[in-house]
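Structural overview for review
Single-letter residue listing:
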Amino acid sequence: MQVPDRDEWFPLSGDLPQPVWPAIWAWLEQVAPGHDYDEAIEQITAHWLKRLATALGDGHLFCQTETHFFITTQDTSSLKAVAKLLDDARAYVLRTLGKAAGIRHVRKLIILRLRTTDAASSVLESVQTDSPLAARFFRPGAWPLIFCEARNPADERWRMVGQEIDHVLTYLPLPYWLLVAFAQSLQVDLLGGRFAVLTEEAHALHQQCWNARSIQDFWSGDTFFDNEWSSLSYSLAPVLLDIIRRELHPDVAKLQRFIQTASYEDGGEAAAQRFFGISLGEIAGVLLGEDTDWTPRPATWHREEGD
């Protein structure tokens, strides 16, 4: 389908075009049937980014490949190298998941490599990251990766590959803890390095902080978006995947099937029971202690006070 390129969807806010999310979504829901959302959203994204590059000036250019949108100041040869790195990362994720993953279409990832921190801050503000409609438009893992030119190329590569992996994995209905853990694992596989070591102090902190109630917010994914709990959550997630690998020794095919089957609806509990014959609560107990039932209980998630 052909999406109109409408000025009223991107009026200037300050010096930059600001997407009017209510107007964009009103058109999408009226005109675009559900199965065309991805195609329509990619076209709308291209309209926005072309305007954004022009408004930024200062050598910023818009370009796209079959798999990515870019605003960049890099020359063509450098951009080709970046695009190849990200395409290789995407292919690696899909190979690791296996054909049964069933991912047929992944929207283009948006990478905005801007010249200054001021430009990056202004673009972030114009996108309205706190808008629920913006979040719905970009979906988890597909938020534009917005950053200024880094002095350390390795840092840029790490961030871009990490975003690419997150983006692909969000097309599976993964529990958030597993998405985080598996993404980190793949990132290390692709770029080298290792996970942060779980020190005795960190181990003690996990045992002290997690309890039967807070672990439910971990399994549901809520703690990853809570300032008080996010650091602990991002630390716990890869440890749990490491315990699965180290203690249960699943072969590659079984681990693939677990990741492909695990659902955010129960935190991955049914998949763990099916492929490992063990509860996630028992896996968490290896780290957190066996005196508490750590099993995911989705019936208790997202309940309103007084329910």
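As the structure is a computational prediction, the values presented were derived from the model and not from experiment.

**A few points about the packing of aromatic side chains**
- This structure, assessed with the given rule, holds 18 aromatic pairs.
- Ring pairs connect the aromatic residues Tyr 176, Trp 177, Trp 210, Phe 218, Trp 219, Phe 224, Phe 225, Trp 229 and Tyr 234, which therefore count as one cluster.

**So, the side chain of Ser 233**
- Tracing the backbone through its elements, the reader meets Ser 233 in helix H10 (residues 230-248).
- A polar atom in the side chain of Ser 233 sits 2.9 Å from the backbone oxygen of Trp 229.
- When neighbours within four sequence positions are excluded, Ser 233 is seen to be in contact with Trp 210, Phe 218, Thr 223 and Phe 224.

**What about the sheet that holds strand S6 (residues 145-148)?**
- Spatially, 4 strands are ordered S3-S4-S5-S6 in an open sheet, and the strand pairing comes out mixed. The open sheet terminates on both sides in strands that have one partner only, identified here as strand S3 (61-64) and S6. Within the sheet, the average angular offset between the axes of one strand and its neighbour, ignoring direction, is 15°.
- Here S3 pairs with strand S4 (residues 68-72) via 4 bridges, running antiparallel. The partner of Leu 61 across the bridge, within S4, is Thr 72.
- Those strands touched by helix H2 (residues 37-56) are S3, S4 and strand S5 (109-114), and its axis lies near 5° from that of S4.

**Focus on a negative patch on the surface**
- Side chains of Asp 217, Asp 222, Asp 226 and Glu 228 sit close together on the surface and give a patch of like negative charge.
- By relative accessible area, which is 34% here, Asp 222 ends up partly exposed.

**Some points on the nonpolar core**
- Residues Leu 169, Trp 177, Trp 210, Phe 218, Trp 219, Leu 240 and Phe 258 are the most contacted members of the largest nonpolar core, which totals 59 residues.
- Among the nonpolar cores identified, the runner-up in size contains 32 residues, and Leu 56, Leu 112, Ala 119 and Ala 120 belong to it.

**Considerations on helix H4 (residues 117-127)**
- Among the residues of H4, those classed as buried are Ala 119, Ala 120, Val 123, Ser 126 and Val 127. Seen end-on, H4 carries its buried residues on one side only, within an arc spanning 130°. Set apart from the buried face of H4 by more than 90 degrees, the exposed residues are Thr 117, Asp 118 and Glu 125.
- Close packing links the buried residues of H4 with strand S2 (16-17), helix H1 (21-31), H2, S5, helix H5 (132-138) and S6.
- Looking one or two residues beyond H4, the residue adopting positive phi is Gln 128, at roughly 60°.

**Focus: helix H12 (residues 269-276)**
- Within H12, the full set of buried residues consists of Glu 269, Ala 271, Ala 272, Phe 275 and Phe 276. Buried residues along H12 cover an arc of 160° about the axis, so they all sit on one side.
- Elements that come into contact with the buried residues of H12 comprise H10, helix H11 (252-261) and helix H13 (280-288).
- With its phi angle positive at about 65°, Gly 277 sits one or two positions after the end of H12.

Calculation rules
- Residues numbered from 1 in each chain as written.
- Predicted model: local features only at pLDDT ≥ 70, side-chain atom pairs only at ≥ 80, totals over all residues.
- Heavy atoms only, no water.
- Phe/Tyr/Trp six-rings, centres within 6.5 Å; stacked < 30°, edge-to-face > 60°.
- Helix = DSSP H or I, 4+ residues; strand = E, 2+ residues; numbered from the N terminus.
- Polar contact = N/O pair within 3.5 Å; in protein donor to acceptor, adjacent residues only side chain to side chain.
- Contact = heavy atoms within 4.5 Å.
- Pairing = 2+ DSSP bridges.
- Axes fitted to C-alpha atoms, helices over the stretch in contact; angles between N-to-C directions.
- Patch = residues over 30% accessible without salt bridge, like charges linked within 9 Å, V, L, I, M, F, W, Y side chains within 5 Å.
- Areas by Shrake-Rupley, 256 points an atom, 1.4 Å probe, with all protein chains shown as cover.
- Salt bridge = Lys/Arg side-chain N within 4 Å of Asp/Glu carboxyl O.
- Lys, Arg positive; Asp, Glu negative; His and termini not counted.
- Charge placed at Lys NZ, Arg CZ, Asp CG, Glu CD.
- Buried < 20%, exposed > 50% of the residue type's maximum accessible area, 1.4 Å probe, protein only.
- Core = buried A, V, L, I, M, F, W, Y, C linked by side-chain atoms within 4.5 Å.
- Arc of directions from axis to C-beta.

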